[in-house]
Amino acid sequence: MRSQDIRKAYLQFFESKGHLIVPSAPIVLKDDPTLMFNNSGMAQFKEYFLGNATPKSNRITDTQKCLRVSGKHNDLEDVGFDTYHHTMFEMLGNWSFGDYFKKEALPWAWEFLTEVLKLDKDRLYVSVFEGNEAENVPFDQEAFDIWKQFVPEDRIILGNKKDNFWEMGDQGPCGPCSEIHIDLRTDEERATVTGRSLVNADHPQVVEIWNNVFMEFNRKADGSLEKLPAQHVDTGMGFERLCMAMQDVTSNYDTDVFTPLIEKVEQITGLKYTPNTVETSRDLSVPTEEQNKINIAIRVIVDHVRAVAFAIADGQLPSNTGAGYVIRRILRRAIRYGFTFLDTKEAFIYQLVGVLADQMGEFFPEIKSQQNLVTNVIREEEASFLRTLDQGLQLLENVIATTKGNEVSGAKAFELYDTFGFPKDLTALILKEKGMSFNETEFDASMQAQKSRSRAASEVSTDDWKILVEGNTESFVGYDQVENEVKITRIRKVDSKKDGVMYQIVLDGTPFYPEGGGQVGDKGTLISANETIEIIDTKKENNLILHFAKQLPENLEASFIAKVNTDLRDATAKNHSATHLMHQALRTILGTHVEQKGSLVNPNYLRFDFSHFAKVTDEELQQVEDFVNARIQEQLPIIERRNIPIQQALEEGAMALFGEKYGDNVRAIKFGSSMELCGGIHVNNTAEIWHFKIVSEGAVAAGIRRVEAITSQAVKDFYTSQENLLVEIKATLKNPQDTIKAVVALQDENAKLKKQLEALLKDKAKNMKTELEQELQEVNGIQFLAKQVDLNPEGAKDLAYELGNLGTNLFLVLATAEEGKPMLTCYISKELVADKGLNAGQVVRELGKFIQGGGGGQPFFATAGGKNVAGIPEALTKAIDFIK
């Protein structure tokens, strides 16, 4: 049974049981501050479990893209080494929100597996929660009794809290669970060792395929449990593992989820992958150990490309911070496995995106529609990291050259890993080839110290909510009002290393807009008869609008006036509306391939990332500016459509953004012919924007450009600043009648003087050559000179090459100190480089330490700059050590 058919069968089965099929949420979570990525099927439904929102149906089924590479659920380092862990995986789910419970969920699971898919009942084991006396949670007798109808008691396993009590996190909804495991071993193996003993023992062929979580408790901040107001079912079913069971293989990677990708890697690299079911290598000339390394590398690559491709398609570009850093790290892990074990020195992983799009585009159309972008971004990331690996190889060679003995410092190895992204295992491999190693204890200590610093910086403790008003009374009135009389419905304290003690306040009818869709959250005040509380930020979490304050009101039950800072909001609204107009302008001028890939809208400026294949020219930027300013001049009124069906909005021409999660009903904002789905704050008329000015344009990633722009008062300030600058320039030039003409004349004069100076310095270098020729001394058969000269760095280079023409055994170090900036120049005859193994780059890196700097270059010529002129004499004194 093909993977596509298995997925369809699951969804259709639960549709027949009254479930509504919903699409997968994006793999990247943009509006949940507690999670970077969707790491489980239930993540998009948290607000329903918490009772903060009402689902469109009490019964839902879906297949959810999940990513587990950070935090509590982190499988990254296991991927590749076994055959069943993944970074990205699909979680098939059926959900009950206060509707059915155990007596329906468990029989349906059994019916689907044994009657629809016809899995062998004798290979299935089930588990139920054994209970936990300390937490006053009893043995799950109900689940046990239900399973007895289908399964012999010797295949019902009692599981402990670790295995059979599922929790969303340290706090929040949780409950006992009942799992289904399958034993895929041969009949001979099963006859020898019972599958019961291998359940939850990390056996690659005895795996969990289904988990029924019965959400009935809430974990509080103090660790205690309280009953939820309703009972829910949260089912997670491992799609890749189910495919393994259905396709009669013993590895997820041997299913058709992965085999097309593996075949593409084989085609590109010329290497073969050994399926898990075949004990011998297809290529018998390859040793088993070597083949195993190839297998691991291919598994890493085909797994990781899925995670990275879907993250990019959902709007998360690789970067150096946050979720973007995690995506970059996953891709770099794949690249280095290819580099080390498949001998791929050129970018190639990007070629797998087309296979992935063909394979999964039917169920996940975003991977098909974003295929070009994903391909370009991965290709550029690969090329960039391969360059980094080359630099790391040079740095490692330098470390090796300066290491006494056979063991490199673990701290040095960690520096290569942490600063330059050079992998630990690649360092170990190269050192091993040279009969060396690095101190793993020191490396691990450095790694642990860094993790501790990182944890301390991001550590957050969150108290339980204190409920002041029962029921879901919260609402947002900020589209129509900037102040409102409110009551506080709940509060909680949050303590973090970064922000200190903060309080999150929820109001019954808030005018404060919470951060979302690129727009920053509102600031303002809560005012009562006796006090004023500053609201310093507003965010949304699990459908609650959270107002952040440094202190709580003395009387929490008082009535307050919630008042938004309108100066900040108005400036933000102007930038947000201008963003919509600019999006329209870019699509009009550059083409309809332009799609929004990220944005930031705050009171000071707007930032807009979009897909485009080339730099936007100055002429095109001017056209974009003119287009937006023309719409401002037209004084277009806002046309706001609230709560209209999403299909109707799309049919009317509204733009929906990839990677955003929309409900059945949406809000559409229209200015003239610009229409977008948007929940943000906008001006009532484009005339309020006053003027629009682009201040920068540049690349963010392959195929992604970024424009930053300003509006209104920021534009006035910009032009005032430019005018003041022009006045200063004119005054400096003695107030010429034609400023441009005066600047051009100054440039021409400077160019002539520069040429004259270069000619004089060349003559000076030639004259100096004769003097220095007399100062050369012979050391171990090498002509040696280390001297400070009164030249600029370019002159020192010319002099070095002039002296280099004297023979084939010259070792020269020249120092300059023009304008207090020390520079070392090293020249070594190419014959000496070849015969003696000398390297000018290594020389200047070592000597550069004395001038508090560094540098590099080629083996025969290199330079190093620094900060400490006083270190020049010692650097020159030490130069002779390289040839002694």
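Structure: see above.
These notes cover the structure that comes with them. (Residues numbered from 1 in each chain as written. Predicted model: local features only at pLDDT ≥ 70, side-chain atom pairs only at ≥ 80, totals over all residues. Heavy atoms only, no water.)

A few points about the overall build of the protein
What counts is decided by this rule: By the criteria applied, helices consist of DSSP H or I runs no shorter than four residues and strands consist of E runs no shorter than two, each listed in order from the N terminus. Note on exposure labels: buried denotes an accessible area under 20% of the residue type's maximum, exposed denotes more than 50%, and partly exposed covers the range between, all computed with a 1.4 Å probe on protein chains only. Residue contacts are counted whenever heavy atoms from the two residues lie within 4.5 Å of one another. The Shrake-Rupley method, run with a 1.4 Å probe sphere, supplies the accessible areas, and residue values consider only the shown protein chains as cover. When charges are counted, neither His nor the chain ends are considered; positive counts come from Lys and Arg and negative counts from Asp and Glu. Think of each charge as sitting on NZ of Lys, CZ of Arg, CG of Asp or CD of Glu.
Per the secondary structure count, the protein includes 25 helices and 36 strands. Each of the three principal axes of the protein carries a C-alpha extent, and together these read 100 × 75 × 50 Å. When each of the 884 residues of the protein is scored for burial, the buried share is 50%. When contacts within the protein are restricted to residue pairs at least 6 apart in sequence, those whose partners lie at least 24 apart make up 68%. Accessible area for the protein stands at about 40,900 Å²; split by element, carbon and sulfur atoms hold 47% of it. Each charge class in the protein was averaged separately, 98 positive and 130 negative side chains, and the resulting centres sit 3 Å apart.

Focus on the sheet that holds strand 25 (residues 606-611)
Quick note on the threshold: At least two bridges found by DSSP between two strands are what make those strands a pair. Lines fitted to the C-alpha atoms define the axes, with helices restricted to the stretch that makes contact. Angles between their N-to-C directions range from 0 to 180 degrees.
What the four strands build is an open sheet, ordered 24-25-30-29; its pairing is antiparallel. Either end of the sheet is taken by a strand with one partner, and the two such strands are strand 24 (596-601) and strand 29 (692-701). The average undirected angle you get between the axes of adjacent strands in this sheet is 15°. Contacting strand 29 and strand 30 (704-711), helix 18 (residues 618-633) crosses the sheet at an angle of about 135° to strand 29.

Details of the environment of Glu697
Heads up, the rule is: Between N or O atoms, a polar contact is any pair within 3.5 Å; within protein, one atom must be a potential hydrogen donor and the other a potential acceptor, and residues adjacent in sequence are included only when both atoms are from side chains.
Within the secondary structure, Glu697 is located in strand 29. For the pair Glu697 and Phe608, spaced 89 residues apart in sequence, the C-alpha to C-alpha distance is 9.6 Å. When residues no more than four places from it in sequence are discounted, the contact partners of Glu697 are Lys615, Val616, Leu621, Arg705, Arg706 and Val707. A polar atom in the side chain of Glu697 sits 3.2 Å from the side chain of Lys615.

Quick look at the packing of helix 21 (residues 739-773) against helix 22 (residues 793-804)
Under the convention used in this document: Note on terminology: angles under 35 degrees are roughly parallel, angles over 145 are roughly antiparallel, angles of 65 to 115 are roughly perpendicular, and the others are oblique. A clockwise turn of the near helix away from the far one marks a right-handed crossing, whereas an anticlockwise turn of less than a right angle marks a left-handed crossing.
Interaxial distance between helix 21 and helix 22 falls to 9 Å at its minimum, and their mutual angle equals 45°. Classed by the angle they form, the pair helix 21 and helix 22 counts as oblique. For the element pair helix 21 and helix 22, the recorded crossing hand is right-handed. Residue-level contacts link Lys762, Ala765, Lys766, Met768, Lys769, Leu772 and Glu773 of helix 21 to Gly795, Asp798, Leu799, Glu802 and Leu803 of helix 22.

As for empty space enclosed by the protein
Spelled out, the test is: Grid spacing is 1 Å over the protein atoms alone, the probe is 1.4 Å, and a cavity is where that probe fits but cannot get out, while a pocket is an open set with protein on both sides within 12 Å along at least five of seven lines and lining residues have an atom within 4 Å of a point. Grid points are joined across faces, edges and corners, and a volume is the space filled by probe spheres set on the points. Nonpolar residues are Ala, Val, Leu, Ile, Met, Phe, Trp, Tyr, Cys and Pro. Charged residues are Asp, Glu, Lys and Arg, and all others, Gly as well, are polar.
Tallied over the entire structure, the rule returns two cavities of 30 Å³ or more. Here the largest cavity is characterised by a volume of approximately 40 Å³. Ser3, Gln4, Arg7, Phe239, Asp256, Val257, Arg306, Gln359 and Met360 are the residues that line the largest cavity. Within the residue set of the lining of the largest cavity, elements represented by two or more residues are helix 1 (3-16) and helix 11 (353-360). A per-element tally of the lining of the largest cavity places helix 1 first, with three residues. Taken together, the residues of the lining of the largest cavity sort by class into three nonpolar, three polar and three charged. Around the second largest cavity, the lining residues are Ile335, Gly338, Phe339, Thr344, Glu346, Ala347, Phe348, Ile349, Glu382 and Leu386. Contributing elements (two or more residues each) for the lining of the second largest cavity: helix 10 (322-341) and helix 13 (371-401). Counting residues per element, the lining of the second largest cavity draws most heavily on helix 10, at three residues. When grouped by side-chain class, the residues that make up the lining of the second largest cavity number six nonpolar, two polar and two charged.

Considerations on the pairing of strand 32 (residues 782-788)
For clarity, the threshold we go by: Looking down the strands as they point away from the viewer, one classifies a crossover as right-handed if the path from the first strand across the helix to the second runs clockwise.
Pairing analysis gives three bridges linking strand 31 (residues 777-779) to strand 32, with the strands arranged antiparallel. Its bridge partner being in strand 32, Gln777 is matched across the sheet by Phe784. Between the antiparallel neighbours strand 31 and strand 32 lie two residues, among them Asn780 with a positive phi of about 50°. For strand 32 and strand 33 (residues 810-818), the ladder comprises six bridges, and the chain directions are parallel. Opposite Gln788, over in strand 33, you have Ala815 as the bridge partner. Between the parallel pair strand 32 and strand 33, the chain is carried across by helix 22, and the sense of this crossover is right-handed.

A short note on the side chain of Thr579
With respect to the element layout, Thr579 can be found in helix 17 (residues 566-589). A polar contact is formed between the side chain of Thr579 and the backbone oxygen of Asn575, at a distance of 2.7 Å. For Thr579, the contacting residues outside a window of four places in its chain are Val601, Leu606 and Phe608.

Brief notes about the nonpolar core
Which entries qualify depends on this criterion: Here, the term nonpolar core denotes a set of buried Ala, Val, Leu, Ile, Met, Phe, Trp, Tyr and Cys residues that are joined through side-chain atoms within 4.5 Å.
Membership of the largest hydrophobic core comes to 119 residues, with the highest contact counts inside it found for Phe112, Trp210, Leu242, Ile349 and Ile378. Setting aside residues no more than four positions away along its own chain, Trp210 makes contact with Tyr10, Phe14, Asn94, Ala109, Phe112, Leu113, Ser178, Glu179, Ile180, Thr235, Gly236 and Met237. Membership of the second largest hydrophobic core comes to 29 residues, among which are Tyr513, Ala585, Leu586 and Ala709.

Quick notes on the pattern of salt bridges
This is how it is decided: For this document, the term salt bridge refers to a Lys or Arg side-chain nitrogen within 4 Å of an Asp or Glu carboxyl oxygen.
Enumeration over the complete set of coordinates arrives at 48 salt bridges. We note a salt bridge from Arg155 to Asp122, for which the minimum N-O separation is 3.6 Å. Here Arg155 is found in the loop between helix 4 (141-148) and strand 7 (156-159), whereas its partner Asp122 is found in the loop between helix 3 (102-116) and strand 6 (124-129), with 33 residues between them in sequence. Residue Arg155 is classed as buried on the basis of its relative accessible area of 12%. On the accessibility criterion, Asp122 (47% relative accessible area) is partly exposed.

Observations concerning a nonpolar patch on the surface
Basically, it comes down to this: Like-charged residues are merged into a patch within 9 Å and nonpolar side chains (Val, Leu, Ile, Met, Phe, Trp, Tyr) within 5 Å, provided each residue has over 30% relative accessible area and no salt bridge.
Side chains of Leu725, Leu726, Ile729 and Val743 sit close together on the surface and give an oily, nonpolar patch of about 290 Å² of accessible area. No other element matches helix 20 (residues 712-732), which puts three residues into the nonpolar patch. If you trace the backbone, Leu725 turns up in helix 20.

Regarding the sheet that holds strand 33
Strand order across the open sheet formed by six strands is 31-32-33-34-36-35, with mixed pairing between neighbours. Of all the strands in the sheet, the pair left with one neighbour each is strand 31 and strand 35 (854-857). Here the average twist between neighbouring strands, direction ignored, is 20°. Two strands pair when backbone bridges link them, and strand 35 and strand 36 (residues 861-865) are joined in this way by four bridges, in the antiparallel orientation. In the sheet register, Gly856 faces strand 36, and the bridge partner there is Thr863.

Topic: the packing of aromatic side chains
Convention followed: Any pair of Phe, Tyr and Trp rings, taking the six-membered ring for Trp, is counted once the centres come within 6.5 Å. Such a pair is stacked with planes under 30 degrees apart, edge-to-face with planes over 60 apart, and tilted for the rest. Charge-over-ring placement is defined geometrically: NZ (Lys) or CZ (Arg) within 6 Å of the ring centre, and within 35 degrees of the ring normal.
Throughout the structure, instances matching the rule amount to 37 aromatic pairs. Judged by centre distance (5.3 Å) and plane angle (35°), the rings of Tyr801 and Phe861 are tilted. Within this pair, whereas Tyr801 is found in helix 22, its partner Phe861 is found in strand 36, the two being separated by 60 residues in sequence. On the accessibility criterion, Tyr801 (31% relative accessible area) is partly exposed. You can call Phe861 buried: its relative accessible area is 11%. Following the ring pairs from residue to residue traces out a cluster consisting of Tyr10, Phe13, Phe14, Tyr100, Trp108, Phe112 and Trp210. Stacked on the ring of Phe363, the Lys or Arg Arg7 has its end atom at 4.4 Å from the ring centre.

Structural measurements only, silent on function.
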